[in-house]
Amino acid sequence: MPYKDIIPTNPNIDDLMVQIKKYYREQDTEMVQLAYDFAEKAHRGQMRKSGEPYIIHPVATAMILAHMRIDPNIIVAALLHDVPEDTSVTLEEVEKNFGPDIAGMIKGITKLGKLKYRGVERYIENLRKMFVAMAEDIRVMIIKFADRVHNLSTLDSLPPKKRFRIALESLEIYAPIANRLGIGEFKSLLEDLSFPHVLPKEYLKTDAIRQTLVSQREVYLQNVMEVVKTELQNSGIKVINVHGREKTLYSLYRKIMSRGGWDNTEQIYDVVAIRIIVDNLADCYAALGIIHKLWRPLKGRIKDYISQPKPNGYQSLHTTVFCIDGQIVEFQIRDRSMHDEAEYGIAAHWHYDEKGSRLPSKDIFWAKELADIQKNILEKLSDIDELKVDFFKNRIFVFTPKGDVIDLPEDATPIDFAYSIHTDIGNQCNGAKINDQLVSLDTPLKSGDVIEVFTDKNRKGPSVDWLKHVKTHQAKSKIKEKLKTEKSKWLKIILPKK
Ligand code: MN
């Protein structure tokens, strides 16, 4: 859905509460109100660059999340997300009022900090911070997406250079991350809000083409939707919803570019696809069968993303058929849970329902995914000449038994891990377990591993061999340092005193 259809220009607390009261329990609406009062008081007197009271920003951020029916704790954290960084109220005070879980999320957002571009190297460093924060608690990233979406919607008040940079970053980094996490809703919002600032001419051209293509087929597709709905119902399939899904502008632009440019746009027939939501998985296949009985499918255009989901978890059946009057129409069929997954992806785990159930905040199943995303982004950035090769060393994210994230280079070993926790732990390291399995100290670590190291207080220090197995500069220098002092002690014993 376009941003302006979700969020009013300058939303206030009443707008937010209307949205909240639609879905959330009474105690949750009270907590949201308390968080608003707290944030409003803290930000009072502050203005945004656009000249509006600052509180509009956290309210809009919270509203974007409420629109997605995200867990109320995340909405509360969104309302408070700029308080410790921008006001005199501290994180400790936030924690005292709202508890450690919410304070933890806000701490994560504050650690990410404000976007201040100071050269590419610092930028890569910030990106790394972002990935560590994500690995620690993915909810931080969900809030960051909403924060960014609102900032993008108010970019006009910034100078052109800054506007371009923020929009480009959203398009090249934030949107692909949202996509990999399967949050289609954020991916679309981030792309379509950034697009006009990055490629203004192309944006206008694409918009004009979409309007033409959509209006040409509006009546026709309406008719197809009526027909298909009736046919499905007559066959005993419970249809939850049939609607037209318009391609977002940026994905339409990419399609135009991939098909040879502006002269070939008449043949793009999936600007609007027909999306059918049914009650259950079996009905997805039954509906596909009925559509194929009515209209002949195009060869090679049937895609079963149910039995073979996309890497980000997306599930649906896609088919393209010669429809009424031989016109080409694309259908997408899915059930309700697949639909939720497609719109909200990883965020669906914090999708609000009556039970209020949710995953623990520290879960590590996406750590491998994260390392992948990071690799893609760094590859993309590798075109920039001024970057030092060192920054491209792929990073992995591993965990202490308590769930703290340690960020290490690829092929790092338990020794690197031990030194990154504490020099003494490194020096006295005597053994290690990876995911509860005893391993040798030179075993390469993988993203998502949980590492436990054992120390021996009587251990004299590191072995020279360790230098062959460590990947971090930190471990290397600490080992050398320790070996040097050991050696000089030993020398003192055997060498006669002067
Ligand atoms: Mn913010």
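What counts as what
Residues numbered from 1 in each chain as written. Predicted model: local features only at pLDDT ≥ 70, side-chain atom pairs only at ≥ 80, totals over all residues. Heavy atoms only, no water. Phe/Tyr/Trp six-rings, centres within 6.5 Å; stacked < 30°, edge-to-face > 60°. Helix = DSSP H or I, 4+ residues; strand = E, 2+ residues; numbered from the N terminus. Buried < 20%, exposed > 50% of the residue type's maximum accessible area, 1.4 Å probe, protein only. Core = buried A, V, L, I, M, F, W, Y, C linked by side-chain atoms within 4.5 Å. Contact = heavy atoms within 4.5 Å. Axes fitted to C-alpha atoms, helices over the stretch in contact; angles between N-to-C directions. Parallel < 35°, antiparallel > 145°, perpendicular 65-115°, else oblique. Nonpolar A, V, L, I, M, F, W, Y, C, P; charged D, E, K, R; others polar. Pairing = 2+ DSSP bridges. Donors = N, O, S within 2.8 Å, 3.2 Å for Na, K, Ca; no water.

K.L.:
Residues and numbers for the packing of aromatic side chains, please.
P.N.:
Counted by the stated rule, this structure contains 10 aromatic pairs. Where F38 meets F98, the ring centres are 5.3 Å apart and the plane angle is 85°; that geometry is what we call edge-to-face. Placement of F38 in helix α3 (residues 26-43) and of F98 in helix α7 (residues 91-112) is noted, with a sequence separation of 60 residues between them. On the numbers, 5.2 Å between centres and 40° between planes, the contact of F195 with Y253 is tilted. Taken together, the residues F195 in helix α11 (residues 184-198) and Y253 in helix α13 (residues 249-258) connect sequence positions 58 residues apart. On the basis of relative accessible area, F195 is assigned to the buried category, the value being 0%. Classification of Y253 as buried rests on a relative accessible area of 12%. In textbook terms, an aromatic cluster arises when at least three aromatic residues are bridged by ring pairs, as seen for F195, Y203, Y250, Y253 and W262.

K.L.:
Residues and numbers for the nonpolar core, please.
P.N.:
Counting 85 residues, the largest nonpolar core has L16, L65, L80, F145 and F186 as the members making the most contacts within it. Broken down by element, the residue count for this core peaks at nine residues, all from helix α9 (residues 138-153). Sequence-distant contacts of L16, that is, excluding residues within four places in its chain, are made with V32, V59, A62, M63, A66 and L79. Judged by nonpolar contacts, the second largest core, of 34 residues, contains I237, I274, A287 and I290.

K.L.:
Go over the packing of α11 against α13 with me, naming the residues and quoting the values.
P.N.:
Each pair of packed helices can be summarised by the angle the axes make with each other and by the distance between the axes. The contact between α11 and α13 brings their axes to 7 Å, and the two run at 70°. Of the possible angle classes, the one that applies to α11 and α13 is roughly perpendicular. Side by side, α11 and α13 meet where E191, D192 and F195 of the first sit next to L249, Y250, S251, Y253 and R254 of the second. Tallied by class, the residues present in the contact of α11 with α13 amount to four nonpolar, one polar and three charged.

K.L.:
Let's hear about the sheet that holds strand β9 (residues 429-434): which residues, and what values?
P.N.:
Strands pair in a sheet through their backbones, by hydrogen bonds, and they do so in one of two ways: parallel or antiparallel. Sheet architecture is open: three strands sit in the order β10-β9-β11, paired in antiparallel fashion. At either margin of the open sheet sits one strand with a lone partner, and together these are β10 (437-439) and β11 (451-455). Strand-to-strand twist of the sheet, defined as the mean angle between neighbouring strand axes without regard to direction, takes the value 35°. In terms of strand pairing, β9 meets β11 through five bridges, oriented antiparallel. Bridge assignment links K433 to a residue of β11, and that residue is E452. Of the strands in this sheet, β9, β10 and β11 touch helix α17 (residues 414-421), which is tilted by about 75° from β11.

K.L.:
Residue-level account of the coordination of the manganese ion, with values.
P.N.:
Distances from the manganese ion to its protein donors, namely H57 (NE2), H81 (NE2), D82 (OD) and D147 (OD), fall within the range 2.1 to 2.4 Å. One chain supplies every donor to the manganese ion, and in sequence these donors are spaced H-x23-H-D-x64-D. Accessibility assignment for this pair places H81 and D82 in one class, buried.

K.L.:
Go over the side chain of H339, please, and point to the residues and values.
P.N.:
You can see H339 is positioned in helix α15 (residues 336-344). Classification of H339 as buried rests on a relative accessible area of 19%. When near neighbours in sequence (up to four residues on either side) are disregarded, H339 contacts R275, I277 and R334.

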